[in-house]
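Here is how the chains run, residue by residue.
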Amino acid sequence: SGMAAGIGASLRLDKDGRMVVASMTAKGTARSSGMIHEGDAILKVDKQWTEGMSIGDVQALFRGPPESLIKIKYARGAQEMTVTLTRETGNEHVLQQEHHLGGKRKLTPAEEEDLRRRQQAENMYHGIEGVNKERHKTAEDKMTAEELAEYKARRKAEDEENYRQSEAFHAKQLERDRQEALAEEQAKATQQAAGMAGAA
């Protein structure tokens, strides 16, 4: 149906401004993995660090094609861990259950409601982009030539500022990735050295 899939986790900011797991759906892959707990801080989704991002932007990173893999780096206290999950639309488990029951099982009212809400959320998520585009267009249609020129210049300046900020943010993330890779290399070299010393 072209529905985007996710991991069944919602987020909130904790008192220190970190992105943490607020809740997980019973049938989502986040909960069924048994790895992620409520209150865990989400540090990185695939190659994207979450620091400085909005909840909506990180939730958008969770979404993607059904059955695609997503790698999440998260922290519980001082311990950092990584888990790879499969994105699902949330009705795979229901469909599997139906299959085992010879396809005769109907969804319970609660499951139907859950599915309806999930689809509503999907539609809302995809609809917002369209609404924003339409709003800009409507605003532009009502302007005089001078207002339009000024409006477009302002939008362009905003876009350039957003781009500049995202570039700076990206550079910071790349530097973090580089430092992390360096630390991993050093840890490996130390382990190898220890191994060789042990062998000798």
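Preceding this section is the structure that the text describes.
Residues numbered from 1 in each chain as written. Predicted model: local features only at pLDDT ≥ 70, side-chain atom pairs only at ≥ 80, totals over all residues. Heavy atoms only, no water.

Asker: What is the right way to read the pairing of strand 2 (residues 19-24) from this model?
Answerer: On a regular strand, each side chain points to the face opposite its neighbour's, so the side chains alternate between the two faces of the sheet. Relative to strand 2, strand 1 (residues 9-13) is paired through five bridges, and the arrangement is antiparallel. The partner of arginine 12 across the bridge, within strand 2, is valine 20. (Pairing = 2+ DSSP bridges. Helix = DSSP H or I, 4+ residues; strand = E, 2+ residues; numbered from the N terminus.)

Asker: Would you take a moment to explain the environment of leucine 13 for this structure?
Answerer: Its location among the elements puts leucine 13 in strand 1. Taking the C-alpha atoms as reference, leucine 13 lies 9.1 Å from alanine 41; in sequence the two are 28 residues apart. Non-local contacts of leucine 13, meaning those with residues more than four positions away in its chain, are made with Arg18, Met19 and Ile55. (Contact = heavy atoms within 4.5 Å.)

Asker: What am I meant to see in the nonpolar core here?
Answerer: Within soluble globular proteins, side chains that are nonpolar tend to cluster in buried spots. One finds Ile7, Ile36, Ile42, Phe62, Ile72 and Leu85 to be the most contacted residues of the largest nonpolar core, which totals 19 residues. When contributions to this core are tallied by element, the ones reaching two or more residues are strand 1, strand 2, strand 3 (41-45), helix 2 (55-62), strand 5 (69-76) and strand 6 (79-86). Discounting chain neighbours no more than four positions away, the residues touching isoleucine 72 are Ile7, Ile36, Ile42, Lys44, Phe62, Met81, Thr82, Val83 and Leu85. Counting residues in hydrophobic clusters, the runner-up holds five residues, among them Ala41, Leu43, Trp49 and Ala75. (Core = buried A, V, L, I, M, F, W, Y, C linked by side-chain atoms within 4.5 Å. Buried < 20%, exposed > 50% of the residue type's maximum accessible area, 1.4 Å probe, protein only.)

Asker: Can you help me understand unusual backbone geometry in this one?
Answerer: For residues that are not glycine, phi is negative in most cases, and the peptide bond is trans in most cases. With phi around 55 degrees, aspartate 46 is a residue other than glycine that occupies positive phi space. Here aspartate 46 lies in the loop between strand 3 and strand 4 (48-49). With a relative accessible area of 36%, aspartate 46 lands in the partly exposed category. Despite not being glycine, glutamate 67 has its phi angle at roughly 75 degrees, a positive value. Here glutamate 67 is to be found in the loop between helix 2 and strand 5.

Asker: Is there a simple way to explain the environment of isoleucine 55 in this structure?
Answerer: Along the chain, isoleucine 55 turns up in helix 2. Isoleucine 55 gets classed as partly exposed once you look at its relative accessible area, which sits at 29%. Note: C-alpha distance between isoleucine 55 and methionine 19 (36 residues apart in sequence) is 7.3 Å. Sequence-distant contacts of isoleucine 55, that is, excluding residues within four places in its chain, are made with Leu11, Arg12, Leu13 and Met19.

Asker: I'm lost on the pattern of salt bridges in this one. Help?
Answerer: Should their charged atoms come close, side chains of opposite charge can pair. Within the structure shown, the criterion is met by 14 salt bridges. One salt bridge in this structure joins arginine 176 and glutamate 51, with 2.4 Å as the shortest N-O distance. In this pair, arginine 176 sits in helix 5 (residues 145-199) while glutamate 51 sits in the loop between strand 4 and helix 2, placing the two residues 125 residues apart along the sequence. What makes glutamate 51 partly exposed here is its relative accessible area of 40%. What you see here is one network of salt bridges that share partners, running through Lys44, Lys73, Glu80, Asp177 and Glu180. (Salt bridge = Lys/Arg side-chain N within 4 Å of Asp/Glu carboxyl O.)

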